[in-house]
Amino acid sequence: MGSRQVTSWHDKNITVAGLGVSGISAARALAGLGARVTVVDNGDGDAHRARAAELAELGIEVRLGHLDGGARAGDVLPEGTDLVVTSPGWKPDSPLFEVAAAAGVDVVGDVEIAWQLRETGQELRAARSGRAAGASRGEPAPWLAITGTNGKTTTTQMLASILKAAGLKTAAVGNIGTPIIDVVMGDEEYDVLAVELSSYQLHWAPSPRAHSAAVLNLAPDHLDWHGSMEAYAADKGRIYEGNTVACVYNVADKATEDLVVEADVEEGCRAIGFTLGAPGPSMLGVVDGILVDRAFVEDRQKNAQELAHVEDVNPPAPHNIANALAAAALARAFGVEARAVRDGLRDFRPDAHRVAHVDEVAGVTYVDDSKATNTHAAEASLAAFEPVVWIAGGLAKGAAFDELVQRSAKRLRGVVLIGADRALIADALARHAPEVPVVDLERTDTGAMLAAVREAARLAEPGDTVLLAPACASMDMFANYNKRGDAFADAVRELAAESA
């Protein structure tokens, strides 16, 4: 399904749902193109009012909180609306969208708007630089797109690092960094964009057609938003629609390959697998500690191209090697040479709180993977270490933990549980790993992290890893996963000072 393309934004009545980063980006861009923009948001705090005041200076109307009559601003469709542009987090069953559907008004997201504005952005850059529009660059920068339940940000950043090592002008955008509309409409001219897309963004983006795209993995997540695993997978699968060169899938996760099979792609687009084992033809994989390509080589039935060594991947945990292979596949699909893959992986440094080494205290290594906010991510993190004292817990978001515990039990030296839904993990441990010592911390205040680290240190032996991989969201105790990871690191440093 495609969205109706807007050929001119001048005098269009656009309603933007949400006063967050992507909503503000869309509102500014569309108002700058002559649209009459109204932003609606149910919030009414000081931050909302400050943002509203900034937009008002641009002639953008903002409706916050409750309107006269008591209705929430975010539930009411402004009269005459031609199009609704939603922030990614707004659920499909939000009252505003039900009203829009009844009125025959399309609802799209910021990624859809960015896709529709690519040529407009080129024309504006040409005008600002004094060039004729036809002299800008020809085609807009193609998109290399990435989604998946886990690993999206790391893989997108790896891809951008590889593309830069190849001498290409690129940026990591989408569900990461600078809003994608700002990049499309900005002054910089790019050769190619590395685009991270969440399931939320893909749901509201029917039109984008990537040069090549990857689905890294699929596991239950955000089901309260999508309604079912089938709907979640279908939204992820949108990333393959219309691909022109390559659809990259995870050989170990058949659901990703199924999405490739179901996708409507351009003639000649290839299915490219990545695997932690030896690759078959049209795959990338690992042989004797070397990342190799049997997809973008001559005579792939017989030949393989060395790309990098496992040690070039930082950190060289199994799930991160899989991320590197996916990034390499997209880069190779774009014509990047093997040397640039190696150099880009060597140059890459992961963001904080992603399997980050914090310290070693009394022979025990402490690792922060606070970003592991679901069971799939936690399992991948646990698989990288043995033996492990696992710190877990938080908001479960409807997740079940039996499979995670079953698959990881043999690695566990002990477990320390924190957070509101820790009992769910405790029950799974009792069923599937009854021999593993468990410390259940009833505290849910932020100071509980220091207590958790001390308990983990008591359970650990020299050579072990204490791993924060909560398998849960953080908002019961912390503002976000970053704050949770910071608390863990602070607690480890305090432990180290006490041990000195």
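Going by the structure above, here's the rest.
What you are looking at is a predicted structure, and each value in this text was computed from that prediction instead of being measured. (Residues numbered from 1 in each chain as written. Predicted model: local features only at pLDDT ≥ 70, side-chain atom pairs only at ≥ 80, totals over all residues. Heavy atoms only, no water.)

### Digging into the overall build of the protein
In terms of helices and strands, the protein carries 18 helices and 20 strands. Taken over the C-alpha trace, the protein has a radius of gyration of 24 Å; the compact-globule value for 500 residues is 23 Å, and the two agree within 12%. Taking all 500 residues of the protein together, 55% fall into the buried category. As displayed, the protein has an accessible area near 20,700 Å², and 48% of this comes from carbon and sulfur atoms. Looking at charge distribution, the protein has the averaged site of its 45 positive side-chain charges lying 3 Å from that of its 70 negative ones. (Helix = DSSP H or I, 4+ residues; strand = E, 2+ residues; numbered from the N terminus. Rg over C-alpha atoms; globule rule 2.2 N^0.38 Å. Buried < 20%, exposed > 50% of the residue type's maximum accessible area, 1.4 Å probe, protein only. Areas by Shrake-Rupley, 256 points an atom, 1.4 Å probe, with all protein chains shown as cover. Lys, Arg positive; Asp, Glu negative; His and termini not counted. Charge placed at Lys NZ, Arg CZ, Asp CG, Glu CD.)

### Here we look at the environment of Asp-351
Residue placement: Asp-351 occurs in the loop between helix H13 (338-347) and strand E15 (356-361). Here Asp-351 falls in the partly exposed class, since its relative accessible area comes to 31%. If sequence neighbours within four positions are ignored, Asp-351 has contacts with Thr-153 and Gln-157. (Contact = heavy atoms within 4.5 Å.)

### Concerning the sheet that holds strand E17 (residues 388-392)
Spatial ordering of the open sheet is given by E15-E16-E20-E17-E18-E19, a layout of six strands whose pairing is mixed. Looking along the sheet, the strands with just one partner apiece sit at the ends: E15 and strand E19 (438-440). Across the sheet, the mean angle separating the axes of adjacent strands is 15 degrees when strand polarity is ignored. By the bridge criterion, four bridges tie E17 to strand E20 (residues 465-468) in an arrangement that is parallel. Of the residues in E20, the one forming a bridge with Trp-390 is Leu-467. Helix H18 (residues 481-499) contacts E15, strand E16 (364-368), E17 and E20 of the sheet and is inclined by roughly 20 degrees relative to E15. (Pairing = 2+ DSSP bridges. Axes fitted to C-alpha atoms, helices over the stretch in contact; angles between N-to-C directions.)

### Examining the environment of Glu-189
Looking at where Glu-189 falls in the secondary structure, it is placed in the loop between helix H7 (180-185) and strand E8 (193-196). With relative accessibility at 19%, the residue Glu-189 sits in the buried group. Between the C-alpha atom of Glu-189 and that of Arg-411, which follows or precedes it by 222 residues, the distance is 48 Å.

### Things to note about the packing of aromatic side chains
Under the definition given, this model contains three aromatic pairs. Note on Trp-90 and Phe-97: the rings are 6.0 Å apart at their centroids and 45 degrees apart in plane angle, and the pair reads as tilted. On the basis of relative accessible area, Trp-90 is assigned to the buried category, the value being 17%. The interplanar angle of 85 degrees and the centroid separation of 4.8 Å between the aromatic rings of Trp-115 and Trp-143 together place this pair among those described as edge-to-face. Pair noted here: Trp-115 is in helix H4 (residues 110-116) and Trp-143 is in strand E6 (residues 143-147), with a separation of 28 residues, a long-range link. Chaining the aromatic ring pairs together yields one cluster made of Trp-90, Phe-97 and Trp-204. Taking the ring centre of Phe-296 as reference, the NZ or CZ of Arg-270 above it sits at 5.3 Å. Looking at Lys-371, its charged tip hangs above the ring of Tyr-481, at a distance of 5.5 Å from the centre. (Phe/Tyr/Trp six-rings, centres within 6.5 Å; stacked < 30°, edge-to-face > 60°. Lys NZ or Arg CZ within 6 Å of the ring centre and 35° of its normal.)

### Points about the sheet that holds strand E4 (residues 83-86)
Reading across from one edge, E3-E2-E1-E4-E5 is the order of the five strands in this open sheet, with parallel pairing throughout. Each having just a single partner strand, strand E3 (61-64) and strand E5 (106-109) make up the two edges of the open sheet. Neighbour to neighbour, the strand axes of the sheet diverge by 25 degrees on average, direction disregarded. Relative to strand E2 (residues 36-41), strand E1 (residues 13-17) is paired through five bridges, and the arrangement is parallel. The partner of Thr-15 across the bridge, within E2, is Thr-38.

### Topic: the environment of Glu-257
Along the chain, the position of Glu-257 falls in helix H11 (residues 254-262). Take Glu-257: its relative accessible area is 33%, and that puts it in the partly exposed class. Linking Glu-257 and Val-215, residues 42 residues apart in sequence, is a C-alpha distance of 8.7 Å.

### As for the side chain of Ser-370
Residue placement: Ser-370 occurs in the loop between E16 and helix H14 (375-382). Assessed through its relative accessible area of 0%, Ser-370 is described here as buried. A distance of 2.7 Å separates a polar side-chain atom of Ser-370 from the backbone oxygen of Tyr-481. For Ser-370, the contacting residues outside a window of four places in its chain are His-353, Leu-468, Pro-470, Tyr-481, Arg-484 and Gly-485. (Polar contact = N/O pair within 3.5 Å; in protein donor to acceptor, adjacent residues only side chain to side chain.)

### A word on unusual backbone geometry
In the segment running from Asn-314 into Pro-315, the intervening peptide bond is cis, with an omega of -10 degrees. Turning to its location among the elements, Pro-315 is positioned in the loop between strand E14 (305-309) and helix H12 (318-333). At the junction of Glu-386 and Pro-387, the peptide bond is cis and its omega measures out at -10 degrees in the coordinates. In this structure, Ala-362 takes a positive phi of about 55 degrees despite not being glycine. Taking the relative accessible area as the measure of exposure, Ala-362 reaches 67% and is therefore exposed.

### Quick notes on the packing of helix H6 (residues 152-165) against H13
Where H6 contacts H13, the two axes come as close as 7 Å, and the packing angle between them is 125 degrees. Accordingly, the angle class assigned to the pair H6 and H13 is oblique. Seen from above, H6 lies across H13 with right-handed handedness. Along its contact with H6, which presents Met-158, Ser-161, Ile-162 and Ala-165, the element H13 presents Ala-340, Val-341, Asp-343, Gly-344, Leu-345 and Asp-347. (Parallel < 35°, antiparallel > 145°, perpendicular 65-115°, else oblique. Left-handed = near helix turned anticlockwise from the far one by under 90°.)

### Considerations on the pairing of E5
The pairing of E4 with E5 spans four bridges and is parallel. Note that in E5 the partner of Val-84 across the bridge is Val-107.

### Observations regarding the pairing of E16
Strand residues, when the strand is regular, have side chains that alternate between the two faces of the sheet. Among the five residues in E16, five count as buried, and that is most of the element. Neither face of E16 is open: one carries Val-364, Tyr-366 and Asp-368, the other Thr-365 and Val-367, and all of them are buried. Pairing of E15 with E16 involves five bridges; the strand directions are antiparallel. Its bridge partner being in E16, Asp-359 is matched across the sheet by Tyr-366. Between E15 and E16, which pair antiparallel one after the other, the connecting turn spans two residues, and Ala-362 there sits at a positive phi close to 55 degrees.

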